[in-house]
Amino acid sequence: MTERYLIRTFGCQMNEHDTERIAGLLEGEGMRRAEALDDADLVVVNTCAVRENADNRLYGTLGHLATEKARRGLTIAVGGCLAQKDRGTVLERAPWVDVVFGTHNLGSLPVLLRRAREQGVAQAEFFDEMQAFPSALPARRDSDWSAWVAISVGCNNTCTFCIVPMLRGKERSRRVGDVVAEVEALVADGVVEITLLGQNVNSYGTDLPGHRQLFGDLLRALDGVAGLERLRFTSPNPKDFRDDVVDAMASCRPLAEHVHFPLQSGSDRVLRLMRRGYRRRRYLEILERIRAAVPGVAFSTDVIVGFPGETEADFADTLDMVERARFDSAFMFQYSPRPGTEAAGMPDQVPPEVVRDRFGRLAELQEGISLERNRALVGTEVELLVEQVASKTDPTRMSGRTRTNKLCHFPAAPGVAPGDLAIVRVEHAAPHHLLGGPVLTHHPRRTPGAACATPQPSRLLPAGAVPLPLVG
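Residues numbered from 1 in each chain as written. Predicted model: local features only at pLDDT ≥ 70, side-chain atom pairs only at ≥ 80, totals over all residues. Heavy atoms only, no water.

A.B. asks: Just to check I follow, could you spell out the pairing of strand E19 (residues 433-436) for this structure?
C.D. replies: Of the two faces of E19, the one holding Leu434 and Gly436 is buried and the one holding His433 and Leu435 is not buried anywhere. Here strand E17 (residues 407-411) runs beside E19; their pairing, made up of 2 bridges, is parallel. Its bridge partner being in E19, His409 is matched across the sheet by Leu435. In terms of strand pairing, strand E18 (residues 421-430) meets E19 through 4 bridges, oriented antiparallel. In the strand pairing of E19, Val426 is matched with Gly436. A loop of 2 residues connects E18 with E19, the two strands running antiparallel in sequence. (Buried < 20%, exposed > 50% of the residue type's maximum accessible area, 1.4 Å probe, protein only. Helix = DSSP H or I, 4+ residues; strand = E, 2+ residues; numbered from the N terminus. Pairing = 2+ DSSP bridges.)

A.B. asks: Is there a simple way to think about the pattern of salt bridges in this case?
C.D. replies: Working definition: two side chains of opposite charge can pair if their charged atoms are close together. Applying the stated criterion across every chain, the model contains 32 salt bridges. Between Arg358 and Glu310 there is a salt bridge, with the nearest N and O atoms lying 2.9 Å from each other. Here Arg358 is found in helix H13 (residues 352-375), whereas its partner Glu310 is found in the loop between strand E13 (298-305) and helix H12 (312-325), with 48 residues between them in sequence. Judged on exposure class, the residue Arg358 and its partner Glu310 are both buried. We note a salt bridge from Glu312 to Arg361, for which the minimum N-O separation is 2.9 Å. Of the two residues, Glu312 sits in helix H12 while Arg361 sits in helix H13, which places them 49 residues apart along the sequence. A relative accessible area of 38% means that Glu312 is categorised as partly exposed. (Salt bridge = Lys/Arg side-chain N within 4 Å of Asp/Glu carboxyl O.)

A.B. asks: What am I meant to see in unusual backbone geometry here?
C.D. replies: Peptide bonds are trans in most cases, and residues, glycine excluded, mostly fall at negative phi. Omega for the peptide link from Thr234 to Ser235 comes to -5°, which places this bond in the cis form. Its place among the elements puts Ser235 in the loop between strand E11 (230-234) and helix H9 (243-251). One non-glycine residue, Arg275, lies in the positive phi region at around 60°. Among the secondary structure elements, Arg275 is positioned in the loop between helix H10 (268-274) and helix H11 (280-293).

A.B. asks: Honestly, the sheet that holds strand E10 (residues 193-197) in this entry has me stumped. Any pointers?
C.D. replies: In any sheet, the strands associate via hydrogen bonds between backbone groups, in a parallel or an antiparallel arrangement. Here 3 strands make up an open sheet; going across it, the order is E7-E10-E11 and the pairing parallel. Both outer strands of the open sheet, strand E7 (146-150) and E11, are each paired with one neighbouring strand and no more. Between one strand and the next, the sheet's axes are offset by a mean angle of 20°, whatever the strand orientation. Sheet analysis places E10 next to E11, joined by 5 bridges and oriented parallel. Across the sheet, Glu193 pairs through a bridge with Arg230, a residue of E11. (Axes fitted to C-alpha atoms, helices over the stretch in contact; angles between N-to-C directions.)

A.B. asks: Looking at this model, I keep getting lost on the packing of H12 against H13. Mind explaining?
C.D. replies: Relative placement of two packed helices is described by the angle separating their axes and the distance separating the axes. At their nearest, the axes of H12 and H13 sit 10 Å apart, and the two run at 10° to each other. On the basis of the axis angle, H12 is roughly parallel to H13. Across from Glu312, Phe315, Leu319, Val322 and Glu323 in H12, the residues of H13 making contact are Arg358, Arg361, Leu362, Leu365, Gln366 and Ile369. In terms of residue class, the contact of H12 with H13 is built from 6 nonpolar, 1 polar and 4 charged. (Parallel < 35°, antiparallel > 145°, perpendicular 65-115°, else oblique. Contact = heavy atoms within 4.5 Å. Nonpolar A, V, L, I, M, F, W, Y, C, P; charged D, E, K, R; others polar.)

A.B. asks: When you look at the packing of H11 against H12 in this model, what are you seeing that I'm missing?
C.D. replies: Across the interface, H11 lies against H12 with an axial gap of 11 Å and an inter-helix angle of 10°. With respect to each other, H11 and H12 are oriented roughly parallel. The crossing of H11 and H12 is right-handed. Within the contact between the two elements, H11 uses Arg280, Tyr283, Leu284, Leu287 and Arg291 and H12 uses Asp317, Asp320, Met321, Arg324 and Ala325. Of the residues in the contact of H11 with H12, the class split is 5 nonpolar, no polar and 5 charged. (Left-handed = near helix turned anticlockwise from the far one by under 90°.)

Shown next, in the form of structure tokens:
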């Protein structure tokens, strides 16, 4: 009987990318994906150490899995950033776990699982540095029309609130040719949208001795991939945003008119404490430069509220920056200490009730701006990349995203499928989505790949090429 696996993924896009590699490895071992926990023989928890309450989420999940394991002999593996950080602590706190592996040794999972079963002893393995780019591993993607492509791993920044450099290591970039080869292979399989991933995409290539390649060079190289409809990237750091990237955004056809541009704080004093490497003036200058070069561009951002030492005056600066920047959307976080980060030991931690109050005021401001930005699109025609054939709550409604990364619902139309391009006229706007009218124009995907609804054999990507099953 074929064994079945289930992956629970916590955290960022890089974790989701790693999950695709884990799934590819397991399917290479002859396993198939389970639809639910009751059907799974193996559960892999791919962890995050950055998001709030990461420890509680992991050990709460493992507690639930312990009950399931006692009932029917489930195999449990834990990987990802929290596993890399806690290492042996995972087995101390959850001795029923069978395998623990870190961020630098995804490829070891099949061997560790075999050892655990053959020896009847839990296995744990961690490398301090990446041995090879994860893209050399097979991948099993949820979507056959959209894919993540890692252009680098690790980070050289020293933001005081972030633990990623310790868990992912120093930044290592892939060469342009390797990335292009992977994208070409994905497009040949029917992928029409690519999102380039890196902890800091716009410092790409600065670590390649003798082969220094800038991020703008990579974007231009991908502009020539026939069949690639949309190209996105995340996340840039404002301190490294160069003119070559702005120029590429203005000239490269598939590059979507959307930039995720983390602000974190609008206070120069707090930005200095965060060690972000830019200030208000520089941030706004880059925004204006991009807006001038790319008409209609949309911006999303990250903001941390209540960073240690943040005063009411500092928070007022953040509100002012959000007013000035006019972000289309924002991911807002209430600061909470992360063990292992410099900020966790800083004095003047802001009381939780103050953080909550400031968060509420910021959310209210941004909600109004998001609504204003979306209302400006009412009456215009937008091109959607269809993501969902039918809503779970309304089978007469489909969903897609604009090139500016706005979610838009529209009436279901026969023959329209995920990965297709459809043009609709925006009829209504809300802060977090648009409502479109009937499909005006429909362009089916030119090269559909194998349907992901049925198990497909994992395919190794080109040699040398360089990271939602279930997202928790």
